[in-house]
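# Fold and contact review
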Amino acid sequence: MQRIKTYLLASCFSLTLAVPALAEDMAGMNAKGFKMEHGGETFHMFRLETDTGVSRGDSVSSWDLDGWIGTDENKLWIKSEGEHKDGKLEEAELWAMYSRNISTFWDAQAGLRYDFEPRGTGYFVAGFTGLAPYYFETEAHLFVSEHGDVTGRLREENDILITQKLILQPYAEVNLSAQDVPEQDIGAGIADGKIGLQTRYEFTKKFAPYIDVHYGRKFGETASIAESDGEDKDELVGAIGLRLMF
Amino acid sequence: MVALLVVGAISTPSYAKTTQYNLTIERLPVNITGKTMEKVTVNGGIPAPTLRFTEGDDVVIHVTNKMKEDSSIHWHGLLIDPAMDGVPTFNGFPGIRPGETFTYRFHIRQSGTYWYHAHSMAQEQDGLYGSIIAAPKKETIKADRDYVIVLSDFIEEDGDTVMSNLKMMSDYYANARLTIGDFFKDVGERGWDKAWNDAKDWGDMRMARTDLSDVTGYTFLTNGKSPEQNWTGIFKPGERVRLRFINASAMSFFDVRIPGLKMSVVQSDGQNVEPVAVDEFRFAPAETYDVIVTPQDSKPYTIAAESIDRSGFAIGTLATSEGQRGKIPALRPRALLTMGDMNMEMMMKDDPDMEMTPADMISGWAKAGTPEGDKALSYADLRYAGIQKDTRQPERTIDVKLGGNMERFIWTINGKKFSEAEPIKLRYGERVRLAFTNETMMAHPMHLHGMFVQLENGQPAEKLPNKHTVIVPPGGSYSVLLTADEAGEWAFHCHLLYHMMAGMMTKVVVAKLDPGDVPPPAKTTTTPATSGGHHATH
């Protein structure tokens, strides 16, 4: 309960980062609507991927929401992802960040993340998102937990067009930790990683069913902890899902 | 709709008569593509009715907005009292509120083919566009038939939705991107090294070689008719037929040809030019060309306006009777952008080591696929049909850098969006050069309201052609001259609608510093509307 309270407080703090810039844009809209119509408008983009599948005979399902609302320069960026395994919520994250356009292809971001599962933990987040050369969609974030632990996450994905509508998206994600975090069963170094391939069919850009196959594994100390707990250190997941944009 | 187009008939010509129109803007269900959807109509139709004036007329146009949102009409290409130019917030024009009627009053100081369209949100895309014919006091271009050909791009979605989609994902409408198959085809044709290096260079820049049109999925219309509906203009063999081509589309450049007929270009942006015989011409949104054709055979001739991304045609037919159809030409292969479509300065800054061959330097955008031996119109061909009065050298050069961020669908002039920009200030009467540099990989048709510019196209000073809209090619530069002889606040923007909406617009202020410079205001006669004008019914 205390954690959730902390989280809510932290969320408010995060919003205070984002809101002044947004509010300024909004206020401008009323005063000088026409001007705002030509470069200052507020838009939004949310992408939700939900899928369900199996891993070693267990049913798994997951969601991944990523999106923003704001102007070209100032955005409130929301992310949420999580996973159910055998009907149990194993992972659940919610992020809220202020995102500032800093160059043609990049946004700098800062805000908060709260993990509901595997255990309630709040984090400060800072990082970047954007398009790296060769069309690599990149997310790189650093986290400092409420306990002072420093971790990081890097994610890359890329679209390969078989046709205009049938698209392969290879992706990779790695989680890093600057120190052991015993209460989260994480060891220092590369904690875990994931490579996967999403094959989707874009009926439209806003509606695309997909098949996802990914392999994830834990590394180093994190893997040892998992093994000593009798858990698998790796998993192969096959799933079908739906990608929506709104 | 035909009936509505006909009501624009004018009465007997007389000096300074008052011509009056009533236009009602309303969102109504229309069915052009076989599906019924709500679009913006004027007097119930798309396109809006043709407005016919005679040079010297006083014009009164009552525009009623029956929509739930603000609206406006801009009279594209007309020399006009700035308060009547129709750009909301400029010169005190508030726009037309829902349910209100705004009365435009102005004097026709010129002749030629022009057009009108909304200057609010994306209403132009949604259907608010129509043609204007201003007849000269004495016509010098002889023709037996005279047709307006309004070309446009029609999309099922609302224009505002198109804009949101582009902001969500700038390649939302990119449906002809290069695939893995295209890459291997390229390897097969040019070898691994060349194909791989090209893919690598474009990947490094994070740009798409196929980025010719930002929006696709259009049905292209000729006078509001789809290719299936086949707009037809009637002729008798041997007649001189004048076609007034207006590109009223929101985003689409067209390559226009009439297989089997030479076109004699006699007017550009409403201004007479010395006739140029061509087989085809490329024009941008907002440009107009008047051509004369003289079909000799009694067969049908297809007017084929092919979009530059080769996604389709706007089709019309010239025939000796209704119901005939000529052959529709095959779509030409789509061009791919090359390094030649990039701004060199920008590119060298990004990557000084990039390897390029002379072939890479040829613009891909400019490749229209004109058959060997055929003549395509070029700006350099245009010569003003009269003698330009102001042949002064410019006193100064104003740089106009066209920039943008394709990834985020941001478009700018001199690095600023309209929402951030300071106006360009001109002294009344001064002669300036506008030097455009296009730092982007898209062509931008730049339109200045209220005044004509003269293309610096290599013709002698007294023969430079007047234009209201000028294409600045990708990666290239172009310059025009301007005599700032119309005081007021004038919009200056890219006429690709979503580029303008994304910010590619600025304000040009022409200020009179000396009251002695002020020309007398245009006289508005108070002749009752019924005596000289004509009420459009709706």
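Please read all numbers here as calculations on a predicted model, not as lab measurements. In this convention, every chain numbers its residues from 1, walking through the sequence in written order. A letter from A marks each chain and a number from 1 marks each ligand, given out in the order of writing. Only residues with pLDDT of at least 70 are given local features in this predicted model, and only at 80 or more are side-chain atom pairs given and counted; all residues enter the totals for whole chains, interfaces and linings. Side-chain descriptors were evaluated using all non-hydrogen atoms of the structure, hydrogens and water having been removed beforehand.

### A short note on the overall build of chain A
Looking only at helices and strands, one finds three helices and 13 strands in chain A. Taking the intrachain contacts of chain A between residues at least 6 apart in sequence as the baseline, contacts between residues at least 24 apart amount to 44%. Here, Shrake-Rupley sampling with a 1.4 Å probe gives the accessible areas, and only protein chains in the shown set may cover a residue. Just so you have it, chain A exposes about 11,700 Å², and 64% of that area is on carbon and sulfur atoms. Under the DSSP-based scheme used, a helix requires at least four consecutive residues in state H or I and a strand at least two consecutive residues in state E, with every element numbered from the N terminus. Only heavy atoms enter the contact rule, under which two residues are in contact if any of them lie within 4.5 Å.

### Quick word on the overall build of chain B
Scanning chain B from terminus to terminus reveals seven helices and 30 strands. Looking at the 538 residues of chain B, the share that counts as buried comes to 61%. The long-range share in chain B, meaning contacts at least 24 apart out of those at least 6 apart in sequence, stands at 78%. Each residue gets one of three labels from its accessible area relative to the maximum for its type: buried under 20%, exposed over 50%, partly exposed in between, using a 1.4 Å probe on protein chains only.

### Focus: the sheet that holds strand β3 (residues 48-54) of chain B
All names here are of chain B. Strand pairing is assigned whenever DSSP detects at least two bridges linking the two strands. Taken in spatial order, the four strands make up an open sheet running β3-β8-β7-β5, and their pairing is mixed. In the strand order of this sheet, the two ends are held by β3 and β5 (74-76), each with one partner. Sheet twist, expressed as the average angle between the axes of neighbouring strands with direction ignored, equals 25 degrees. Across three bridges, the pairing between β5 and strand β7 (residues 112-117) is antiparallel. Counterpart to His74 in the pairing with β7 is His117. Think of each axis as a best-fit line through the C-alpha atoms, taken over the contacting stretch in the case of a helix, with angles from 0 to 180 degrees between the N-to-C directions.

### Here we look at the side chain of B:Asp341
All names here are of chain B. For Asp341, the position within the fold is in the loop between β19 (313-319) and α5 (344-350). Look at Asp341: it is buried, it has no salt bridge, and the nearest opposite charge is Arg209 at 7.1 Å. Setting aside residues no more than four positions away along its own chain, Asp341 makes contact with Leu336, Ser363, Gly364, Trp365, Thr440, Met441, Pro474 and Gly475. Positive charges are assigned to Lys and Arg, negative charges to Asp and Glu, while His and the chain termini are left out of the count. The working definition used for a salt bridge is a side-chain nitrogen of Lys or Arg within 4 Å of a carboxyl oxygen of Asp or Glu.

### Some remarks on helix α3 (residues 220-228) of chain A
Taken together, the buried positions of α3(A) are A:Thr222, A:Ala223, A:Ile225 and A:Ala226. Looking straight down α3(A), one finds that the buried residues subtend no more than 160 degrees of arc, so they occupy a single side. Think of it as the arc spanned by the lines of direction from the helix axis to the C-beta atoms.

### Digging into the packing of aromatic side chains
Residues and elements named next belong to chain B. Between 30 and 60 degrees the pair is tilted, below 30 it is stacked and above 60 it is edge-to-face, where a pair is any two Phe, Tyr or Trp rings, Trp via its six-membered ring, whose centres lie within 6.5 Å. Inspection of every chain in the model, using the stated rule, returns 32 aromatic pairs over all chains. When the centroid spacing of 6.0 Å and the interplanar angle of 20 degrees are considered together, the rings of Phe90 and Phe418 count as stacked. Within this pair, whereas Phe90 is found in the loop between β5 and β6 (101-107), its partner Phe418 is found in the loop between β21 (410-413) and β22 (424-427), the two being separated by 328 residues in sequence. Residue classification places Phe90 among the buried residues on the basis of a relative accessible area of 2%.

### Things to note about the nonpolar core
Nonpolar side chains in soluble globular proteins tend to end up buried together. All names here are of chain B. Formed by 142 residues in total, the largest nonpolar core has its most connected members in Ile61, Trp75, Tyr104, Phe106, Leu243, Phe245 and Tyr498. Beyond its immediate sequence surroundings of up to four residues, Tyr104 is in contact with Val59, Val60, Ile61, Val63, Ser72, Ile73, Trp75, Met84, Gly86, Phe93 and Ile96. Ranked by size, the runner-up nonpolar core spans 14 residues in total, among them Val30, Ile133, Val150 and Ile246. Only buried Ala, Val, Leu, Ile, Met, Phe, Trp, Tyr and Cys residues count toward a nonpolar core, and they belong to the same one when joined by side-chain atoms within 4.5 Å.

### A short note on the interface of chain A and chain B
Counting residues at the interface gives 38 residues for chain A, matched by 44 residues for chain B. Buried surface area refers to the total accessible area, computed with a probe of radius 1.4 Å, that the two partners give up upon joining, counted for both partners together. Considering only the side of chain A, the residues that lose the most area to chain B are A:Phe34, A:His38 and A:Lys205, jointly responsible for 21% of the buried surface there. Applying the counting rule to chain A against chain B returns four salt bridges. In this structure, B:Lys167 and A:Asp72 form a salt bridge, with 2.7 Å as the shortest nitrogen-oxygen distance. Whenever two N or O atoms come within 3.5 Å, that pair is a polar contact, provided that in protein one can donate a hydrogen and the other can accept it, and provided that, for residues adjacent in sequence, both atoms are side-chain atoms. For the pair chain A and chain B, the number of links is 20 residue pairs in polar contact (both at pLDDT 80 or more). Listed by contribution, the elements that provide at least two residues to the side of chain A that touches chain B are α2 (33-37), β1 (43-55), β4 (88-103), β5 (106-117), β6 (121-132) and β9 (160-161) of chain A.

### Some thoughts on a negative patch on the surface
Patch membership requires more than 30% relative accessible area and the absence of a salt bridge. Residues of like charge join within 9 Å; the nonpolar side chains Val, Leu, Ile, Met, Phe, Trp and Tyr join within 5 Å. For the purpose of locating charges, the reference atoms are NZ of Lys, CZ of Arg, CG of Asp and CD of Glu. Residues A:Asp86, A:Glu90, A:Glu91, A:Asp185, A:Asp229 and A:Glu231 make up a contiguous surface patch of negative charge. Take A:Asp229: it is sitting in the loop between α3 and β13 (234-245).

### Quick word on the sheet that holds strand β25 (residues 453-455) of chain B
Residues and elements named next belong to chain B. As summarised here, the arrangement of the six strands in space is β21-β20-β23-β28-β25-β26, forming an open sheet in which the pairing is mixed. The open sheet has two edge strands, β21 and β26 (466-467), and neither has a second partner. In terms of strand pairing, strand β20 (residues 396-405) meets β21 through four bridges, oriented antiparallel. In the sheet register, Asn405 faces β21, and the bridge partner there is Ile410.

### Considering the confidence of the model for chain A
A score between 0 and 100, pLDDT records how confident the predictor is in each residue. Here chain A averages 89 in pLDDT, and 87% of its residues register 70 or above. The low-confidence segment residues 24-31 of chain A (pLDDT under 50) makes eight contacts with residues lying over four places distant or belonging to another chain.

### Examining the pairing of β7(B)
Residue and element names in this part refer to chain B. For β7, a buried count of six out of six residues is recorded, marking the element as mostly surrounded by other parts of the structure. Burial of β7 is two-sided: the residues Gly112, Tyr114 and Tyr116 facing one way and the residues Thr113, Trp115 and His117 facing the other way are all buried. Both β7 and strand β8 (residues 129-135) contribute to a ladder of six bridges, which runs antiparallel. The residue of β8 that forms the bridge with Tyr114 is Ile132.

### Observations concerning the side chain of B:Asp186
Residues and elements named next belong to chain B. Examined against the element boundaries, Asp186 turns out to sit in helix α3 (residues 180-190). Judged by relative accessible area, Asp186 falls into the buried class, the value being 17%. Not counting residues up to four positions away in its chain, the partners in contact with Asp186 are Gly191 and Ala195.

### As for the environment of B:Tyr428
Residue and element names in this part refer to chain B. Examined against the element boundaries, Tyr428 turns out to sit in the loop between β22 and β23 (431-438). For Tyr428, a relative accessible area of 14% gives the class buried. Once the C-alpha coordinates of Tyr428 and Thr483 are considered, the two residues, 55 residues apart in sequence, prove to be 8.4 Å apart.

### So, the environment of A:His38
Mapped onto the fold, A:His38 is located in the loop between α2 and β1. Sequence-distant contacts of A:His38, that is, excluding residues within four places in its chain, are made with B:Lys417, B:Phe418, B:Ser419, B:Met500, B:Met501, B:Ala502, B:Gly503 and B:Met505.

### Some points on α3(B)
Residue and element names in this part refer to chain B. Of the residues making up α3, those classed as buried are Phe183, Asp186 and Val187. Burial along α3 is one-sided: seen end-on, the buried residues are contained in an arc of 105 degrees. Opposite the buried face of α3, by more than 90 degrees, sit the exposed residues Lys185, Gly188 and Glu189. Structurally, α3 contributes buried residues whose contacts are with α4 (192-205). Where α3 ends, the next residue or the one after it, Gly191, has phi of about 90 degrees, a positive value.

### Points about the environment of A:Leu112
All names here are of chain A. Turning to its location among the elements, Leu112 is positioned in strand β5. Judged by its relative accessible area of 4%, Leu112 is buried. Along the sequence, Leu112 and Trp95 sit 17 residues apart, while their C-alpha atoms lie 5.6 Å from each other.

### Focus: the pattern of salt bridges
Residue and element names in this part refer to chain B. For the structure on display, the rule yields 51 salt bridges over all chains. The partner of Arg209 in a salt bridge is Asp198, and the shortest N-O contact between them spans 3.1 Å. Highlighted residues: Arg209 in the loop between α4 and β10 (219-222) and Asp198 in helix α4, separated in sequence by eleven residues. A residue is classified by how much of its surface remains accessible, and Asp198, at 11% relative accessible area, is buried. For Glu430, the salt bridge is made with Arg427, and the minimal N-O distance between the two is 3.8 Å. Here Glu430 falls in the buried class, since its relative accessible area comes to 3%.

### A look at unusual backbone geometry
Of note, the bond from A:Glu117 into A:Pro118 is cis; its omega dihedral lies within 30 degrees of zero at 0 degrees. The step from B:Ile46 to B:Pro47 runs through a cis peptide bond, and the omega angle for that step is -5 degrees. Tracing the sequence through the fold places B:Pro47 in the loop between β2 (36-42) and β3. Even without a glycine there, the phi angle at A:Arg56 is positive, about 50 degrees. Mapped onto the elements of the fold, A:Arg56 is located in the loop between β1 and β2 (58-70). The backbone of A:Tyr135 sits at a positive phi, close to 60 degrees, despite the residue not being glycine. Examined against the element boundaries, A:Tyr135 turns out to sit in the loop between β6 and β7 (136-145).

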